Amino acid sequence: MADAQDNQDPGICSEPDSAINRVFELLGKRWTGLVVAALMSGPGHFGELRRAVPGISERMLSDRLSELASLGLLTRHVVDGPPVRVKYELTQAGYDLRPALVELSRWAESNLAEGAGRCPEQLRG
């Protein structure tokens, strides 16, 4: 019988300080994945994002957007007014999360009964 380790992809590190830990440190934070998912369909203004992520406070949304921008996953563009507005858009690195989010969404639809059938349209593969 094959050892479980034999079936592992040799390109994936399973050490405690591996890349997967960094991913979940970011996406495991409350609201972060939903903010990224809301931007998958294209750029959005602060108010649009607030409506797209029900329950998030303005302060938390601002914090998550700042963090994602500092990590290079989104850009912030000031749109001259009146009124002056800020538009947020995923960078290529942010859009590169799409396949992973699609697969996580598929897994959740198949394995987590509570949310079955409620996949956001922008994450459908």
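Refer to the structure above for everything that follows.
These remarks concern the structure in this document.

**What to know about the overall build of the protein**
A tally of helices and strands in the protein yields 6 helices and 3 strands. Counting from the amino terminus, helix and strand elements in the protein follow one another as α-α-β-α-α-β-β-α-α. Of all 125 residues assigned to the protein, the portion counted as buried reaches 27%. Counting contacts in the protein only where the partners sit at least 6 residues apart, residues at least 24 apart contribute 47% of the total. Put simply, the protein shows about 8,600 Å² of open surface, and 53% of that area lies on carbon and sulfur atoms.

**Examining a nonpolar patch on the surface**
Nonpolar side chains collect at one region of the surface, where I20, V23 and F24 lie side by side and expose about 280 Å² of accessible area between them. Within the element layout of this structure, F24 appears in helix α1 (residues 19-27).

**Points about the sheet that holds strand β3 (residues 85-90)**
Read across the open sheet, the 3 strands follow the order β1-β3-β2; overall the sheet is antiparallel. The sheet is open, and its two edges are formed by β1 (44-45) and β2 (74-79), each paired on a single side. Here β1 pairs with β3 via 2 bridges, running antiparallel. Paired with G44 across the strands is Y88, a residue of β3.

**With respect to the pairing of β2**
Here β2 pairs with β3 via 6 bridges, running antiparallel. Looking across to β3, one finds that L74 is bridged to L90. In textbook terms, the turn of a hairpin is the stretch between consecutive antiparallel strands, and for β2 and β3 this stretch comprises 5 residues.

**Points about unusual backbone geometry**
Going from G81 to P82, the amide bond is cis rather than trans, its omega being 15°. Its place among the elements puts P82 in the loop between β2 and β3. Following P82, the chain continues to P83 via a peptide bond in cis, the omega torsion being -15°. Here P83 lies in the loop between β2 and β3. If you check the backbone angles, W31 has positive phi at about 85° while not being a glycine.

Basis of the calculations
- Residues numbered from 1 in each chain as written.
- Predicted model: local features only at pLDDT ≥ 70, side-chain atom pairs only at ≥ 80, totals over all residues.
- Heavy atoms only, no water.
- Helix = DSSP H or I, 4+ residues; strand = E, 2+ residues; numbered from the N terminus.
- Buried < 20%, exposed > 50% of the residue type's maximum accessible area, 1.4 Å probe, protein only.
- Contact = heavy atoms within 4.5 Å.
- Areas by Shrake-Rupley, 256 points an atom, 1.4 Å probe, with all protein chains shown as cover.
- Patch = residues over 30% accessible without salt bridge, like charges linked within 9 Å, V, L, I, M, F, W, Y side chains within 5 Å.
- Salt bridge = Lys/Arg side-chain N within 4 Å of Asp/Glu carboxyl O.
- Pairing = 2+ DSSP bridges.

From the geometry alone we can't say anything about function, so treat these as descriptive.
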